[in-house]
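# An overview of the molecular structure
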Number of protein chains: 2
Amino acid sequence: MTVTIKDIARIAGVSKATVSRSLNDSPLVAEETKKRIKELADTMGFQFNANARSLSTSRTGTIGIIYPERFGEFGVSLYYSSLLSQIRDFLEKEGLDNIVSFPKNRYTGESNIKRLIQSKKIDGLLIIHPNITDVDQRILNFIEQSKTPYVFLHHFPSFCDIEKVDAIYTDHFGGGYDATKHLIDLGHKNIICLTSHGDSMEFIQRTEGYRAALMDNDIAVKEDFVFKGYRDISSGYEIISKNFGFIVENNITGIFAQTDLMAIGVMQALKDMGKSIPDDYSIVGYDDIELVMDFRPHLTTIHQPREEIAVLTCSRLLELINGVNNNKKVNIRLNTKLIIRESTKRVDNSLEG
Amino acid sequence: MTVTIKDIARIAGVSKATVSRSLNDSPLVAEETKKRIKELADTMGFQFNANARSLSTSRTGTIGIIYPERFGEFGVSLYYSSLLSQIRDFLEKEGLDNIVSFPKNRYTGESNIKRLIQSKKIDGLLIIHPNITDVDQRILNFIEQSKTPYVFLHHFPSFCDIEKVDAIYTDHFGGGYDATKHLIDLGHKNIICLTSHGDSMEFIQRTEGYRAALMDNDIAVKEDFVFKGYRDISSGYEIISKNFGFIVENNITGIFAQTDLMAIGVMQALKDMGKSIPDDYSIVGYDDIELVMDFRPHLTTIHQPREEIAVLTCSRLLELINGVNNNKKVNIRLNTKLIIRESTKRVDNSLEG
DNA sequence: ATGAAAGCGCTAACAC
DNA sequence: GTGTTAGCGCTTTCAT
């Protein structure tokens with residue numbers, strides 16, 4: 001039923017080797033035979049057996065994508081699924097398949113990274129890992145010594161020597177800084193910040209950016225101005241509702257929410273309290289997910305260049321796989337971009353004491 | 001560097017066959033040797049070469065998931081990505097990998113279904129296909145004669161003889177019916193419906209359910225009460241804003257939006273016009289995506305049993321792959337469930353003429 | 001320019 | 001209970 005090169009060889013009256021060479025466009029075979037074989041293969045509906053091929057060449061034509069476990073969570077997936085789409089798009093263009101996996105099997109605890117590499121199911125790895133615990137040094141060593149091409153993306157891989165890995169990431173510190181600076185520039189002095197629980201690097205870095213911007217502008221950094229939540233809409237909503245007294249007492253006018261979802265929740269909460277945005281409060285989000293355009297006022301936010309991340313990451317991985325420019329590591333920090341929309345506004349000083 | 005069964009055989013002083021048998025838990029080998037071999041394999045960090053294995057057994061341990069192309073679009077992915085998560089979860093439990101793919105490569109136009117099957121990259125296929133154009137009869141025949149196990153999910157596969165395929169889907173007609181009936185039961189007489197452009201079966205079926213419910217309750221079906229949009233928040237928003245005059249003129253009080261996202265947009269639009277929900281308008285959505293809980297009032301909606309779909313679909317596919325109960329097709333229509341929350345309310349008849 | 005043959009790592013008859 | 005061997009479908013030396 002399935003047609004193999006052997007079948008083609010038989011029918012064409014040539015050897016398997018010639019068929020293989022022809023279909024792989026080897027220059028060693030006469031143009032004429034090559035053409036004949038190709039056409040024959042085509043009419044016979046031939047397709048390489050990927051397993052046989054991989055066994056022989058050690059190339060599978062599939063890329064492994066390692067996602068943080070909480071990808072499964074709803075809110076988190078909004079930004080990531082957009083990034084993933086871009087990655088898929090690129091790989092599709094190259095005719096590559098992809099296997100998406102968590103670092104570990106959640107049931108057996110087995111390392112999917114190790115498994116995928118050892119079982120030779122993939123040609124390379126794209127890794128988004130939030131922190132040290134998820135991809136530990138042992139695994140990292142394993143990948144390294146297996147010589148599997150891999151690229152880290154999205155965050156700065158702070159848990160390892162950046163000189164020793166390929167990584168494409170955005171400047172989360174800078175993003176946090178810019179968001180805060182924007183509020184400061186608009187005259188806001190009392191700015192709170194909503195970040196995420198946990199040790200995910202991106203949030204730690206955004207918060208550092210927030211602090212730095214305040215300090216650079218001689219505004220005291222107050223630890224109780226940093227609220228930890230769950231990076232989704234309801235968490236943003238809840239933090240604001242519960243702490244509204246605090247917000248009023250402290251004369252807060254600027255709010256930096258470290259995810260757009262939180263920012264949306266913040267806006268909802270303020271609206272529900274009869275407040276107006278940006279007249280009463282200025283809000284800055286983070287991510288620039290598509291969803292924000294569905295809400296009024298349109299959110300001022302930090303755009304992450306997802307498409308660029310995807311393109312650069314995939315291109316780099318392909319270089320590694322194809323063995324070009326793989327003598328030295330590539331390390332790119334992409335700038336985020338402040339997108340000013342409608343949720344931020346110059347503070348009205350005339351009303352101040 | 002990589003350790004193979006040959007290495008183990010050499011070190012253990014047995015043949016490759018014995019090693020293979022041991023690691024595959026064959027009853028043909030003595031318990032003692034088996035144990036010894038297993039431990040050895042373990043300490044040596046052995047892992048089967050998936051390609052060699054697949055070549056020999058024709059089993060790959062990976063499942064292909066075919067998604068509609070517009071999975072890439074943001075709004076659409078909210079429901080589907082939740083479904084996909086559930087599927088992944090099940091497959092993870094079984095130690096299976098998955099390759100997610102569109103029906104065709106968007107660049108080359110090549111059929112990914114054919115390619116994945118012919119190249120023997122997958123053991124079975126999970127197919128979510130919106131309509132006839134995406135998975136045409138030729139491909140269907142191809143799958144069939146390739147004997148690749150496959151299960152359709154999410155929609156009723158109306159383009160083929162349902163008796164001849166395995167399919168797990170929800171009752172979109174029933175869902176549309178229940179949503180509408182709920183509004184009718186609450187006393188609403190003038191009910192509009194927001195559906196999606198295109199020929200996606202799920203929406204056609206939901207609209208049919210809407211019509212049937214009206215007819216069954218002696219309410220005239222008016223074609224201009226059905227609005228076509230893009231299944232996202234802004235589309236819902238726009239339809240309501242643009243047609244608010246129509247809504248008022250026609251005394252509309254009930255709105256059935258065929259996606260939750262549209263429903264959210266509807267609520268926003270009405271709010272922005274100073275209307276109150278559910279006092280002025282009752283809204284019913286569809287899907288029961290997680291996002292709806294982030295909005296007030298909480299949306300009354302049609303819950304789709306995604307987890308059940310995922311579990312049943314995957315279980316069935318595994319049966320097919322393992323050759324159990326594969327003599328007759330399985331065809332399950334799951335019921336949706338009306339979830340009554342805060343966006344619907346009995347119509348206040350005292351105000352009526 | 002083409003063919004023969006070995007080998008990739010594993011499984012499964014078939015022998016013993 | 002274990003070993004030998006052929007074979008899965010392809011690539012790639014090495015011959016010719």
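Before reading further, recall that the structure is shown in the block above.
Let me begin by describing the structure that accompanies this report. (Residues numbered from 1 in each chain as written. Chains lettered and ligands numbered in written order. Predicted model: local features only at pLDDT ≥ 70, side-chain atom pairs only at ≥ 80, totals over all residues. Heavy atoms only, no water.)

### Focus on the overall build of chain A
The helix and strand tally for chain A stands at 13 helices and 12 strands. Relative to a compact globule of 353 residues, whose C-alpha radius of gyration would be 20 Å, chain A shows 26 Å and is clearly more extended. Principal axes of the C-alpha set define a box for chain A whose edges measure 95 × 40 × 40 Å. Within chain A, buried positions represent 57% of all 353 residues. For chain A, the share of sequence-separated contacts (at least 6 apart) that also reach a separation of at least 24 residues comes to 72%. Positive and negative side-chain charges of chain A, numbering 42 and 47 respectively, have mean locations separated by a distance of 8 Å. (Helix = DSSP H or I, 4+ residues; strand = E, 2+ residues; numbered from the N terminus. Rg over C-alpha atoms; globule rule 2.2 N^0.38 Å. Buried < 20%, exposed > 50% of the residue type's maximum accessible area, 1.4 Å probe, protein only. Contact = heavy atoms within 4.5 Å. Lys, Arg positive; Asp, Glu negative; His and termini not counted. Charge placed at Lys NZ, Arg CZ, Asp CG, Glu CD.)

### What about the protein's contact with DNA strand C?
Close to DNA strand C lie 27 residues, the nearest being A:T18, A:R21, B:I5, B:S20 and B:S56. Of all atoms in DNA strand C that approach within 4 Å of the protein, 64% are sugar or phosphate atoms. Within the contact set of DNA strand C, a base oxygen lies 2.3 Å away from a side-chain nitrogen or oxygen of A:R21. Note that a phosphate oxygen of DNA strand C is positioned 3.3 Å from one of the backbone N or O atoms of B:N49. Only helix 2 (16-23) and helix 4 (50-57) of chain A together with helix 2 (16-23) and helix 4 (50-57) of chain B provide two or more residues apiece to the surface near DNA strand C. Looking at the surface near DNA strand C residue by residue, the class counts come to 11 nonpolar, 12 polar and 4 charged. (Near = heavy atom within 4 Å. Polar contact = N/O pair within 3.5 Å; in protein donor to acceptor, adjacent residues only side chain to side chain. Nonpolar A, V, L, I, M, F, W, Y, C, P; charged D, E, K, R; others polar.)

### Let's talk about helix 8 (residues 172-185) of chain B
Residues and elements named next belong to chain B. The first and last C-alpha atoms of helix 8 sit 20 Å apart over 14 residues, in line with the 20 Å expected at 1.5 Å per residue. Taking burial as the measure, the 14 residues of helix 8 include 10 buried ones, the bulk of the element. Of all the positions in helix 8, only H172, G174, G175, G176, Y177, A179, T180, H182, L183 and I184 are classed as buried. Phi turns positive one or two residues past the end of helix 8, at G187, with a value near 95°. (Expected span 1.5 Å × (residues − 1).)

### Concerning the relation of the copies chain A and chain B
Aligned on chain B, chain A shows an RMSD of 0.1 Å; the corresponding rotation is 180° and the shift along the axis is 0.0 Å. On this basis, the relationship between the two copies can be described by a two-fold rotation axis. A share of 100% of interface residues in chain A that are also interface residues in chain B marks the association as one of identical surfaces. (Least-squares fit on C-alpha atoms with pLDDT ≥ 70 in both.)

### Let's talk about unusual backbone geometry
Along the chain, A:I277 connects to A:P278 via a cis peptide bond; the corresponding omega equals 10°. With respect to the element layout, A:P278 can be found in the loop between helix 12 (260-272) and strand 9 (282-287). If you check the backbone angles, A:N251 has positive phi at about 60° while not being a glycine. Here A:N251 shows up in the loop between helix 11 (244-249) and strand 8 (254-257). Unusually for a residue other than glycine, B:R231 sits at a positive phi of about 55°. Tracing the backbone through its elements, the reader meets B:R231 in the loop between strand 7 (226-229) and helix 10 (233-242).

### Focus: the protein's contact with DNA strand D
Residues in close proximity to DNA strand D total 27 residues, the closest being A:I5, A:S20, A:S56, B:T18 and B:R21. Within 4 Å of the protein, atoms of DNA strand D come from sugar and phosphate in 60% of cases. In this structure, a phosphate oxygen belonging to DNA strand D sits 2.7 Å away from a main-chain N or O atom of A:I5. Take A:K16: an N or O atom from its side chain is 2.9 Å from a base nitrogen of DNA strand D. For the surface near DNA strand D, the secondary structure elements donating two or more residues are helix 2 and helix 4 of chain A together with helix 2 and helix 4 of chain B. Along the lines of polarity and charge, the residues of the surface near DNA strand D split into 11 nonpolar, 12 polar and 4 charged.

### Topic: the interface of chain A and chain B
At the interface, 51 residues of chain A touch 51 residues of chain B. Overall, the association of chain A and chain B removes approximately 4900 Å² of surface from exposure, summing both partners, and the carbon and sulfur fraction of that is 50%. Counting across the chain A and chain B interface gives 8 salt bridges. Here A:R115 and B:D97 are joined by a salt bridge, their closest N and O atoms 2.7 Å apart. Of all the secondary structure elements, the ones that give two or more residues to the side of chain A that touches chain B are helix 4, helix 5 (74-93), strand 2 (97-101), helix 6 (112-118), helix 10 (233-242) and helix 12 of chain A. It is helix 5 of chain A that contributes the most residues to the side of chain A that touches chain B, 9 residues altogether. Its residues placed into classes, the side of chain A that touches chain B shows 16 nonpolar, 20 polar and 15 charged. (Buried area = accessible area lost by both parts, 1.4 Å probe. Salt bridge = Lys/Arg side-chain N within 4 Å of Asp/Glu carboxyl O.)

### Considering the sheet that holds strand 7 of chain B
Residues and elements named next belong to chain B. Taken in spatial order, the 4 strands line up as 7-6-8-9 in an open sheet, and their pairing is parallel. Each edge of the sheet is formed by a strand with only one pairing partner; in this case those strands are strand 7 and strand 9 (282-284). When the angles between neighbouring strand axes are averaged without regard to direction, this sheet yields 20°. Where strand 6 (residues 191-196) and strand 8 (residues 254-257) come together, 4 bridges link them in parallel fashion. Counted as the bridge partner of I192 is I255 from strand 8. Docked against the sheet, helix 8 engages strand 6, strand 8 and strand 9, running at close to 165° with respect to strand 8. (Pairing = 2+ DSSP bridges. Axes fitted to C-alpha atoms, helices over the stretch in contact; angles between N-to-C directions.)

### Brief notes about the packing of helix 4 of chain A against helix 4 of chain B
Between helix 4 of chain A and helix 4 of chain B, the shortest axis-to-axis distance is 8 Å and the interhelical angle comes to 140°. In terms of orientation, helix 4 of chain A and helix 4 of chain B fall into the oblique class. You can see that helix 4 of chain A and helix 4 of chain B cross each other, and the crossing is left-handed. For the pair helix 4 of chain A and helix 4 of chain B, contact is made by A:N51, A:A52, A:S54 and A:L55 and by B:N51, B:A52, B:S54 and B:L55, respectively. Its residues assigned to classes, the contact of helix 4 of chain A with helix 4 of chain B comprises 4 nonpolar, 4 polar and no charged. (Parallel < 35°, antiparallel > 145°, perpendicular 65-115°, else oblique. Left-handed = near helix turned anticlockwise from the far one by under 90°.)

### Describing the side chain of A:T195
Residues and elements named next belong to chain A. Locating T195 in the fold gives a position in strand 6 (residues 191-196). Using a relative accessible area of 3% as the deciding quantity, one classes T195 as buried. Within polar-contact distance, the side chain of T195 engages the side chain of T207 at 3.3 Å. When residues no more than four places from it in sequence are discounted, the contact partners of T195 are F203, T207, V226, F227, K228, G229, Q258 and M262.

### Structural notes on the pairing of strand 4 (residues 150-154) of chain B
It is a general feature of regular strands that their side chains alternate between the two faces of the sheet. Residue and element names in this part refer to chain B. The buried fraction of strand 4 is high, at 5 of 5 residues. Examined bridge by bridge, strand 3 (residues 124-127) and strand 4 share 3 bridges and lie parallel to one another. Paired with L126 across the bridge in strand 4 is V151. One ladder, built from 3 bridges, connects strand 4 with strand 5 (residues 167-170); its direction is parallel. The residue bridging L153 from the neighbouring strand is I168, located in strand 5.

### A look at the nonpolar core
Formed by 140 residues in total, the largest nonpolar core has its most connected members in A:I255, A:I283, B:I255 and B:I283. Filtering out sequence-adjacent residues up to four positions away, B:I283 remains in contact with B:I255, B:A263, B:V266, B:M267, B:L270, B:I277, B:L299, B:T300, B:S343 and B:T344. By size, the runner-up hydrophobic cluster in this structure holds 40 residues, among which are A:I113, A:L140, B:I139 and B:F152. (Core = buried A, V, L, I, M, F, W, Y, C linked by side-chain atoms within 4.5 Å.)

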